[in-house]
Amino acid sequence: MKLLEEIVDSSAIVAEIGSEYCYVKELFIALNDYLAVHCFLPEQLAKLELCIAEVANNSIRHAYQLQSGQPIWLAAKVEQHRLNIQVIDRGMSLPWWRLSQQLDWEQVQVENPDSWAVDGRGLQIVRDLMDEVSYDSIEGNNIFTMTMRR
């Protein structure tokens, strides 16, 4: 895939799974193996695992609408003092307004399920835990980019 070739080089990692929830953990396992030599803290790894799960699960649920067997890629590279991660799929693109939509955590009341947002929590978690988040749809590829500074 030309897009991944442009993103990565020999110092990066690329992993691919099919679009089933049972495979999502494999993306983080591949990333964790890659990061083992880069001295990331356990707290950072926990944040990364949650963010990768949220984005990959969104690819499965929304982009592929639960259609199994579709490709989801993870490309990651440590550069100087930051980690760049891209989760890529070829499903339906994210509506332009979705990434900018903010969830007000102050309005969520544990005792009141009606205050719990059904959609948007995952993206809000990713925005809260990562230093930079962006989304592009290029030539049929949905590219969700996350950056964590070290």
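Residues numbered from 1 in each chain as written. Predicted model: local features only at pLDDT ≥ 70, side-chain atom pairs only at ≥ 80, totals over all residues. Heavy atoms only, no water.

1. Focus on the overall build of the protein chain
Consideration 1: What the protein chain contains, in helices and strands, is four helices and five strands.
Consideration 2: When the elements of the protein chain are put in sequence order from the N terminus, they spell out α-β-α-α-β-β-α-β-β.
Consideration 3: Going through the 150 residues of the protein chain one by one, you find that 42% of them count as buried.
Consideration 4: Pairs at least 24 apart in sequence give 64% of the contacts found in the protein chain among residues at least 6 apart.
Consideration 5: Surface summary for the protein chain: the accessible area is close to 8,700 Å², and the carbon and sulfur share equals 51%. (Helix = DSSP H or I, 4+ residues; strand = E, 2+ residues; numbered from the N terminus. Buried < 20%, exposed > 50% of the residue type's maximum accessible area, 1.4 Å probe, protein only. Contact = heavy atoms within 4.5 Å. Areas by Shrake-Rupley, 256 points an atom, 1.4 Å probe, with all protein chains shown as cover.)

2. Re the packing of helix 3 (residues 42-63) against helix 4 (residues 121-129)
Consideration 1: Across the interface, helix 3 lies against helix 4 with an axial gap of 9 Å and an inter-helix angle of 145 degrees. Along this stretch, helix 3 crosses helix 4, giving a crossing that reads as left-handed. Across the interface between the two elements, K47, L50, C51, E54, V55 and N58 of helix 3 pack against G122, L123, I125, V126 and L129 of helix 4.
Consideration 2: The class makeup of the residues in the contact of helix 3 with helix 4 is seven nonpolar, two polar and two charged. (Axes fitted to C-alpha atoms, helices over the stretch in contact; angles between N-to-C directions. Left-handed = near helix turned anticlockwise from the far one by under 90°. Nonpolar A, V, L, I, M, F, W, Y, C, P; charged D, E, K, R; others polar.)

3. Quick notes on helix 4
Consideration 1: Turning to helix 4, its buried residues number three or more, namely G122, L123, Q124, V126 and R127.
Consideration 2: At its buried positions, helix 4 is contacted by helix 3, strand 4 (132-138) and strand 5 (141-149).

4. Side note on the confidence of the model for the protein chain
Consideration 1: The pLDDT averaged across the protein chain works out to 84; a share of 77% of its residues lies at or above 70.
Consideration 2: Strand 3 (residues 82-89) holds the highest mean pLDDT among the elements of the protein chain, 96, whereas helix 1 (residues 2-7) holds the lowest, 47. (pLDDT = per-residue confidence, 0-100.)

5. Let's talk about the packing of helix 2 (residues 24-35) against helix 3
Consideration 1: At a minimum axis distance of 9 Å, the contact between helix 2 and helix 3 shows a crossing angle of 145 degrees. Helix-helix and strand crossings are classified by hand; for helix 2 and helix 3 the assignment is right-handed. Between helix 2 and helix 3, the contacting residues are V24, K25, L27, F28, L31, N32 and L35 on the first element and L45, L48, E49, I52, A53, A56, N57 and I60 on the second.
Consideration 2: By residue class, the composition of the contact of helix 2 with helix 3 is eleven nonpolar, two polar and two charged.

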